[in-house]
Amino acid sequence: MPMARQALTFFTNPFRKYTIPTILFAQKTPKRHRFSCHYTHSVSAISDPKPCIRSPEAIALEYSDLNLPHTTSEEVGHVRIRQHVNPLSASFATPAEVPNWDEVYKDARLPLMVDIGSGSGRFLMWLAKRNLHSKNYLGLEIRKKLAMRAEDWAKELSLRNIHYMFANATISFKQLVSTYPGPLILVSILCPDPHFKKKHHKRRVLQKPLVDSIVNCLAPGGQVFIQSDVLEVALDMRNHFDAESDTLTHVINTDSSVLCDDDGWLLSNPMGIRTEREIHAELEGAKIYRRMYQKRI
Ligand SMILES: C[S@@+](CC[C@H](N)C(=O)[O-])C[C@H]1O[C@@H](n2cnc3c(N)ncnc32)[C@H](O)[C@@H]1O
């Protein structure tokens with residue numbers, strides 16, 4: 001294990017409660033963070049002292065195993081991270097073209113994991129690197145430059161089991177996934193854009209048609225992993241999937257090793273790696289609300 005990663009083990013081990021040494025803390029007032037998602041947690045949610053380590057450093061350390069290049073192609077250029085895009089705007093209404101899966105993956109029959117709203121793509125890439133010959137990975141991201149940069153990185157690392165697409169998942173998920181030749185075994189929606197205002201809730205990525213497509217496309221025994229650092233958003237996603245109880249069951253009902261709190265949220269991240277938003281939120285002292293569902297066999 002590289003030194004940098006070892007040093008951050010206490011941040012990254014999902015099966016251990018994160019304990020951050022007090023030496024890292026300072027009593028500063030939290031600033032709005034210059035990160036991809038510009039929402040902060042309420043004061044009550046972050047009453048603990050703030051850690052001195054900043055999200056970009058924590059993120060770099062979390063993914064240090066990837067050894068990603070710092071440069072990006074001319075075509076991608078500088079990736080300016082904007083606040084939320086509006087997925088309902090006409091510019092995102094065109095379905096993504098279905099690729100030739102046999103050209104995309106070395107073996108397009110392998111089980112597939114899809115990450116909806118893959119952001120920078122590092123989370124999925126970390127998983128792909130660990131499961132080179134057993135699983136394929138597909139990142140769907142509505143911000144084109146993020147998807148392009150992630151695809152550049154995957155090529156740079158010669159990963160033939162991962163692919164990133166510029167796609168509005170609400171529009172394109174069903175067609176893309178139903179044409180994939182192998183089984184769909186896992187769909188993740190991790191810290192989706194919250195779109196707080198009620199009138200903007202319809203911009204949230206998880207809407208009933210997407211839920212239906214996920215449930216229908218999943219292989220028997222396949223799983224859905226959702227999480228958010230915003231309780232309201234986590235509850236919204238949870239309500240959608242709880243409503244599919246004829247087809248889906250929460251994993252605590254199928255796996256006795258999975259632990260939940262009294263409200264039914266998973267006690268730890270089952271993936272072995274955190275997403276960027278998750279790292280940032282945990283640095284702010286926020287709780288991450290997680291559920292994992294399994295399709296009945
Ligand atoms: C808050 S970020 C979280 C990124 C990553 N999952 C994480 O946890 O760090 C949400 C991501 O979802 C993307 N997104 C939002 N709506 C989307 C949609 N309809 N289809 C695909 N991606 C979407 C955003 O561009 C953004 O990168």
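As annotated in an unreviewed UniProt entry, the protein is tRNA (guanine(46)-N(7))-methyltransferase from Heracleum sosnowskyi. Looking at the Catalytic activity (unreviewed entry) heading of the UniProt record, one finds this comment for the protein: "guanosine(46) in tRNA + S-adenosyl-L-methionine = N(7)-methylguanosine(46) in tRNA + S-adenosyl-L-homocysteine".

A.B. asks: What exactly am I supposed to notice about the site of the ligand here?
C.D. replies: Around the ligand, the structure places 24 residues, and the nearest of them are Gly117, Gly119, Cys191, Thr275 and Arg277. The set of elements that each furnish at least two residues to the shell around the ligand consists of strand 4 (136–141), helix 7 (169–178) and helix 10 (276–283). No other element matches the three residues that helix 10 contributes to the shell around the ligand. Counted by class, the shell around the ligand contains 12 nonpolar, six polar and six charged residues.

A.B. asks: Would you explain the confidence of the model for the protein in this entry?
C.D. replies: Atomic detail in the predicted coordinates should be set aside for any region of low pLDDT. This prediction gives the protein a mean pLDDT of 85; 78% of its residues lie at or above 70. Within the model, the stretch residues 1–36 combines pLDDT values under 50 with 51 contacts to residues more than four positions away or in other chains. This model gives residues 43–47 a pLDDT under 50, and the stretch forms seven contacts once residues within four places in sequence are excluded.

A.B. asks: Hey, could you run me through the environment of Ile279 in this one?
C.D. replies: As for its placement among the helices and strands, Ile279 is situated in helix 10. Residues Ile279 and Ala58 lie 221 residues apart in sequence; the distance between their C-alpha atoms is 7.2 Å. Every residue in contact with Ile279, bar those within four places of it in the chain, is listed here: Ser55, Ala58, Ile59, Glu62 and Arg274.

A.B. asks: Explain the nonpolar core here, please?
C.D. replies: Here is a general trend for soluble globular proteins: nonpolar side chains tend to be buried in one another's company. Counting 55 residues, the largest nonpolar core has Val114, Leu140, Leu184, Val187 and Val224 as the members making the most contacts within it. With six residues, the top contributor of residues to this core is helix 6 (residues 144–156). Among all residues touching Val224, those that are not within four sequence positions of it are Val187, Ile214, Phe241, Leu248 and Tyr293. Membership of the second largest hydrophobic core comes to six residues, among which are Ala58, Ile59, Tyr63 and Leu283.

A.B. asks: Quick question: what am I supposed to make of the packing of helix 3 (residues 55–62) against helix 10 here?
C.D. replies: When two helices pack together, their arrangement is given by the angle between the helix axes and the distance between those axes. Running from N to C, helix 3 and helix 10 cross one another at 130°; their axes reach a closest spacing of 9 Å. Taken together, the axes of helix 3 and helix 10 lie oblique to each other. Crossing angle aside, the handedness with which helix 3 passes helix 10 is right-handed. Mapping the contact onto sequence places Ser55, Ala58, Ile59 and Glu62 in helix 3 and Glu276, Ile279, His280 and Leu283 in helix 10. Across the contact of helix 3 with helix 10, the residue classes tally to four nonpolar, two polar and two charged.

A.B. asks: Which parts of the structure should I look at to understand the sheet that holds strand 4?
C.D. replies: Note on sheets: strands pair through backbone hydrogen bonds, and any given pair is parallel or antiparallel. The strand order across the open sheet formed by seven strands is 5-4-3-6-7-9-8, and the pairing between neighbours is mixed. Edge strands, defined here as strands with exactly one partner in the open sheet, are strand 5 (162–166) and strand 8 (248–250). The average angle at which neighbouring strand axes cross in this sheet is 20°, direction not considered.

A.B. asks: I would appreciate a short explanation of helix 7 in the present structure.
C.D. replies: The periodicity of an α-helix, 3.6 residues per turn, causes residues three or four positions apart to be oriented the same way. For helix 7, the complete set of buried residues consists of Ala169, Thr170, Ser172, Phe173, Leu176 and Val177. For helix 7, the arc enclosing every buried residue in end-on projection is 155°, short of the 170-degree limit, so these residues lie on one face. Looking at the buried residues of helix 7, the elements they touch are strand 3 (112–116), strand 4, strand 6 (184–190) and helix 8 (208–217).

A.B. asks: Mind showing me how you'd approach the pairing of strand 5 here?
C.D. replies: Among the five residues in strand 5, four count as buried, and that is most of the element. The pairing of strand 4 with strand 5 spans five bridges and is parallel. The residue of strand 5 that forms the bridge with Glu141 is Phe166. Note that the unit made of strand 4, helix 6 and strand 5 has a crossover that is right-handed.

A.B. asks: I would appreciate a short explanation of the environment of Phe92 in the present structure.
C.D. replies: With respect to the helices, strands and loops of the structure, Phe92 is situated in the loop between helix 3 and helix 4 (101–104). As for Phe92 and Arg143, which are separated by 51 residues in sequence, their C-alpha atoms are 9.7 Å apart. Setting aside residues up to four positions removed in sequence, Phe92 forms contacts with Pro87, Ile142 and Asn168.

A.B. asks: When you look at helix 8 in this model, what are you seeing that I'm missing?
C.D. replies: Every buried residue of helix 8 is listed here: Leu210, Ser213, Ile214 and Cys217. Here the buried residues of helix 8 occupy an arc of 100° about the axis, which is enough to place them on one side. Against helix 7, strand 6 and strand 7 (218–228) lie the buried residues of helix 8.

Cut-offs used in this document
- Residues numbered from 1 in each chain as written.
- Predicted model: local features only at pLDDT ≥ 70, side-chain atom pairs only at ≥ 80, totals over all residues.
- UniProt positions renumbered as here; feature names shortened; annotations may be inferred.
- Near = placed C-beta within 6 Å.
- Helix = DSSP H or I, 4+ residues; strand = E, 2+ residues; numbered from the N terminus.
- Nonpolar A, V, L, I, M, F, W, Y, C, P; charged D, E, K, R; others polar.
- pLDDT = per-residue confidence, 0-100.
- Contact = placed C-beta atoms within 7 Å.
- Core = buried A, V, L, I, M, F, W, Y, C linked by C-beta atoms within 7 Å.
- Buried ≥ 20, exposed ≤ 12 C-beta atoms within 10 Å, placed from the backbone.
- Axes fitted to C-alpha atoms, helices over the stretch in contact; angles between N-to-C directions.
- Parallel < 35°, antiparallel > 145°, perpendicular 65-115°, else oblique.
- Left-handed = near helix turned anticlockwise from the far one by under 90°.
- Pairing = 2+ DSSP bridges.
- Arc of directions from axis to C-beta.
- Right-handed = clockwise from strand over helix to strand, strands pointing away.

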